[in-house]
Amino acid sequence: MAESLPQEMLTYILSFLPLSDQKEASLVSRAWYCAAQNALRETNVQYNIPVSSASLPAIKSLGLRGITCISLTNLDDSPASHEVLECVAYHLGPHLQSLCLSGGSPSEAAFVALILGCPALRILDLSGCNSLFTSGMLLAQPETAQRVQQVLSGLCELNLAGLWDLTDLSFNRLSSCAPSLERLSLAYCHLTFELGPAWGSLGPQDSSPSQLSFHNLLRFVKERAGRLHALDLSGTGLLPEALQALGQVAGLQLQELSLNGCQDLSTEAVAALCRLQSGLISLDLGGCSGLADGALVAISRGLGHLQRLSLRKLQRLTDAGCTALGGLQELQILDLAECCLVSGWGLAQALGSGHRAPAPLASLSLAYCASLKDASVLSLISVLSPSLRVLDLSSCVALTNRTLQAICAYLTHLSVLRLAWCKELQDWGLLGLGEPSEEPTQEPQDHLRAKLRRNLRSRSLFPQLHQELEHQASGPKEPPQPQGPSLLMLRALQELDLTACSKLTDASLAKVLQFPQLKQLSLSLLPALTDKGLVAVAKGCPSLEHLVLSHCSLLSDEGWAQAASSWPRLRHLNLSSCSQLTEQTLDTIGQACKQLRMLDVSMCPGISMAAIRHFQAQLPQVACIQSRFVGGADLTLTL
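Residues numbered from 1 in each chain as written. Predicted model: local features only at pLDDT ≥ 70, side-chain atom pairs only at ≥ 80, totals over all residues. Heavy atoms only, no water.

(A) Region of interest: the overall build of the protein chain. The secondary structure content of the protein chain amounts to 24 helices and 22 strands. Per-residue burial for the protein chain yields a buried fraction of 52% across its 639 residues. Across the protein chain, the fraction of contacts at a sequence separation of at least 24, relative to all contacts at a separation of at least 6, is 78%. When the accessible area of the protein chain is evaluated, it comes to approximately 27500 Å², of which 53% is carbon and sulfur surface. (Helix = DSSP H or I, 4+ residues; strand = E, 2+ residues; numbered from the N terminus. Buried < 20%, exposed > 50% of the residue type's maximum accessible area, 1.4 Å probe, protein only. Contact = heavy atoms within 4.5 Å. Areas by Shrake-Rupley, 256 points an atom, 1.4 Å probe, with all protein chains shown as cover.)

Structure (structure tokens):
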């Protein structure tokens, strides 16, 4: 029946599938293949192309499919790179809309030739491409600059992050070729500041050939104020006076601003920004260590339409400041990670205030907030709306099973849950059981079994545990009784991080890790995880693409022999410090995981370099193999 559907309808249906499922669907038939390729093209999937002669056929194939978004990796000034760039310009250039050369080292001539072949380009990422700006002569020839300007007339987004050799002259030449720019990143560029009222008053002829100055940037912003909507100045050391001057630019209506790591910013400067740029919907102030509660109050009062806010690493932020978040009624993404004085009470009070609707938050990060306790998190969870999809509580070491069971009860639509280093989590919490009794029970065994059956029937939580719990009931201790929902309630999970939750064992992991849609899973540093748990996880989570099992010393070749076949989609695998694994596991993975791209077997004494070379020959598509100190290398320091 599906074959009879119009291709447009089939494309629309497949567009709802994850990328890996779309790839699987493309193997069904020719019609499904065409529909899947259309769906991939319509969702602007970025294709990462390694620069080598082996990529030339793939580039030609992508050109026939009209791919519009690519990233070139391992780009340098070699003849092979020149050949790849020429192939990209010819086959992909006419319809290419997004091009990423991040971290590459192309020559100026090769770069210009590539750009001239991409007339439809709208997004260009040159972050880390310092080789283009070292000489200071890029686009120095007027006729070349004019041709590039004609090609880049529709360019909307330009990423120049991390370019330490960028100067006023080279920036002006490149930016003048992109008159339609709406988004600009100069993150971690070496920006210089000259205090005084003359900022922005110098003419183009005064642009510095040796440094990137703020007064030149300010002049650019004034010229493009009507179009510029997003600006990233993270890590540039922006001064409070500079931020105020930026906010005062006439006609500038920023929607997104990132100032991550600008440690000299003051609360007064942020308050002025909020008054002058009230249309901001995204603001990143992470790592601006000079800010305190007053900045959050100013944000709440001045930015009523803010949707994304990052305050990561603000060590002076307290619960009192968090209460001001109640004024941000459109907030969807909030990052308070590493705010060590935030305990959660202020945030719960803000989100639960009676004058506002439930928080529309879709993502919340409280990672490394050491002051968080069960009581405050329970209060917070109860006021979060079902729209929450991402919750990060990594390294909140005081949280226990009470928090986990509350998450499973109230936040059942989560797709990402990170609980790394929450060391108090135990098996009974994941299973949704009551805390095991430490006192031996004197109840007769028959009465105990009957009581257990009644509880299980009335709650209907864990029918799969009947047999095991009844068996436990025959012992001298009363088994824990189901008192709350288990991790199984989070059926939409796609990412789960239980790193270093060291009290967890096979008893819970084998039963609750049953998520057909799960893509990423980390079980590192779980000393009690055995082959039995590994095989159960493989059967319960067949869609895994990213798996981390480092420092799980009880895993063996036998376990992987049974588990590997369940993970054909695996792309990233970390097995570092798994001391019992040998080259037999490498052979098993090589035969079962054909889509693997990254493997880490560092510090695995049972695996030799010869085995790794054989594995790489078996799977040449694996781009990265970490193999430090394999084969039992001596790690003893010699003084």
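(B) Here's a closer look at the packing of helix α23 (residues 583-592) against helix α24 (residues 609-618). Two elements in contact, α23 and α24, have axes whose closest approach is 10 Å; the angle formed by their N-to-C orientations is 5°. It follows that α23 is roughly parallel to α24 by the angle criterion. Contacts from Glu583, Leu586, Asp587, Ile589, Gly590 and Gln591 of α23 reach α24 at Ala611, Ile612, His614, Phe615 and Gln618. Considering only residue class, the contact of α23 with α24 consists of 5 nonpolar, 4 polar and 2 charged. (Axes fitted to C-alpha atoms, helices over the stretch in contact; angles between N-to-C directions. Parallel < 35°, antiparallel > 145°, perpendicular 65-115°, else oblique. Nonpolar A, V, L, I, M, F, W, Y, C, P; charged D, E, K, R; others polar.)

(C) Molecular detail of the pattern of salt bridges. In this structure the tally under the stated criterion is 8 salt bridges. One salt bridge in this structure joins arginine 308 and glutamate 256, with 3.5 Å as the shortest N-O distance. Pair noted here: arginine 308 is in strand β12 (residues 308-310) and glutamate 256 is in strand β10 (residues 256-258), with a separation of 52 residues, a long-range link. Aspartate 335 is the salt-bridge partner of arginine 312, the closest N and O atoms lying 3.1 Å from each other. With arginine 312 in the loop between β12 and α13 (319-322) and aspartate 335 in strand β13 (residues 333-335), the pair connects residues that are 23 residues apart, well separated along the chain. Owing to a relative accessible area of 14%, aspartate 335 belongs among the buried residues under this scheme. Among the ionic contacts, a cluster of salt bridges with common partners joins Glu157, Arg183, Glu256 and Arg308. (Salt bridge = Lys/Arg side-chain N within 4 Å of Asp/Glu carboxyl O.)

(D) Spotlight on helix α4 (residues 56-64). When α4 is considered as a whole, its buried residues turn out to be Leu56, Ile59, Leu62 and Gly63. All buried residues of α4 project into a common sector of 120° when viewed along the axis, lining one side. Opposite the packed face of α4, turned more than 90 degrees from it, sit the exposed residues Pro57 and Leu64. Contacts from the buried residues of α4 go to β1 (47-50) and α5 (79-91). Backbone geometry just downstream of α4 places glycine 66 in the positive-phi region, at approximately 70°. (Arc of directions from axis to C-beta.)

(E) Geometry of the confidence of the model for the protein chain. The predicted model of the protein chain has a mean per-residue pLDDT of 86, with 86% of residues at 70 or higher. The low-confidence segment residues 634-639, where pLDDT is below 50, has 2 contacts with residues more than four positions distant or belonging to other chains. (pLDDT = per-residue confidence, 0-100.)

(F) Broad picture of the side chain of serine 234. Within the secondary structure, serine 234 sits in the loop between β9 (230-232) and α10 (240-247). A polar atom in the side chain of serine 234 sits 2.8 Å from the side chain of aspartate 232. From its side chain, serine 234 meets the backbone nitrogen of asparagine 260 in a polar contact 3.1 Å long. (Polar contact = N/O pair within 3.5 Å; in protein donor to acceptor, adjacent residues only side chain to side chain.)

(G) Local environment of the environment of alanine 406. With respect to the helices and strands, the residue alanine 406 is situated in helix α16 (residues 401-410). On the basis of relative accessible area, alanine 406 is assigned to the buried category, the value being 10%. Each C-alpha atom, one on alanine 406 and one on isoleucine 381, is 7.2 Å from the other, the two residues being 25 residues apart in sequence.

(H) Quick peek at the packing of α4 against α5. Running from amino to carboxyl end, α4 crosses α5 at an angle of 10°, the nearest separation of the two axes being 9 Å. As the angle between them shows, α4 and α5 are arranged roughly parallel. For the pair α4 and α5, the sense of crossing is right-handed. Within the contact between the two elements, α4 uses Leu56, Ile59, Lys60 and Gly63 and α5 uses Glu83, Val84, Cys87, Val88 and His91. Residue composition of the contact of α4 with α5, by class: 5 nonpolar, 2 polar and 2 charged. (Left-handed = near helix turned anticlockwise from the far one by under 90°.)

(I) Representation of the side chain of serine 394. Note that serine 394 resides in the loop between β15 (390-392) and α16. Polar side-chain contacts of serine 394 include one of 2.7 Å to the side chain of aspartate 392.

(J) Expanded view of unusual backbone geometry. Even without a glycine there, the phi angle at serine 577 is positive, about 65°. Tracing the sequence through the fold places serine 577 in the loop between β20 (572-574) and α23. Its identity is not glycine, yet methionine 603 carries a phi of approximately 60°, on the positive side. Examined against the element boundaries, methionine 603 turns out to sit in the loop between β21 (598-600) and α24.

(K) Geometry of α23. Among the residues of α23, Thr585, Leu586, Thr588, Ile589 and Gly590 are the ones counted as buried. For α23, the elements touching its buried residues are α22 (557-563), β20, β21 and α24.

(L) View of the packing of aromatic side chains. This structure, assessed with the given rule, holds 3 aromatic pairs. Between phenylalanine 171 and phenylalanine 220 the ring centres are 5.2 Å apart and the planes differ by 75°, which places this aromatic pair in the edge-to-face class. With phenylalanine 171 in helix α8 (residues 168-176) and phenylalanine 220 in helix α9 (residues 214-223), this pair connects stretches of sequence that are 49 residues apart. (Phe/Tyr/Trp six-rings, centres within 6.5 Å; stacked < 30°, edge-to-face > 60°.)

(M) Region of the structure containing the environment of alanine 611. If you trace the backbone, alanine 611 turns up in helix α24. By relative accessible area, which is 9% here, alanine 611 ends up buried. Sequence spacing of alanine 611 and glutamate 583 is 28 residues, and the spatial spacing of their C-alpha atoms is 5.8 Å. For alanine 611, the residues in contact, after removing those within four places along its chain, are Glu583 and Leu586.

(N) Here's a closer look at a nonpolar patch on the surface. On the surface, Met9, Tyr12, Ile13 and Phe16 cluster together into a nonpolar patch covering about 450 Å² of accessible area. Position of phenylalanine 16 relative to the elements: it lies in the loop between α1 (7-14) and α2 (19-25). Look at phenylalanine 16 and you get exposed, because its relative accessible area is 58%. (Patch = residues over 30% accessible without salt bridge, like charges linked within 9 Å, V, L, I, M, F, W, Y side chains within 5 Å.)

(O) View of the nonpolar core. Residues Leu160, Leu309, Leu487, Leu513 and Trp560 are the most contacted members of the largest nonpolar core, which totals 183 residues. The residues contacting tryptophan 560, other than those within four sequence positions of it, are Leu534, Leu547, Leu549, Trp567, Leu573, Leu575, Leu581, Thr585, Thr588 and Ile589. The next biggest cluster of nonpolar side chains, apart from the first, holds 5 residues, and it includes Leu10, Leu14, Ala35 and Ala36. (Core = buried A, V, L, I, M, F, W, Y, C linked by side-chain atoms within 4.5 Å.)

(P) Examining the pairing of strand β2 (residues 69-73) more closely. Burial runs high along β2: 4 of the 5 residues are buried. As defined by bridge partners, β1 adjoins β2 across 4 bridges and the pair is classed as parallel. Bridge pairing in β2 links asparagine 48 to serine 71. Regarding the hand of the β-α-β motif, the stretch spanning β1, α4 and β2 is right-handed. Examined bridge by bridge, β2 and strand β3 (residues 98-100) share 3 bridges and lie parallel to one another. Directly across from cysteine 69, in β3, lies its bridge partner serine 98. (Pairing = 2+ DSSP bridges. Right-handed = clockwise from strand over helix to strand, strands pointing away.)

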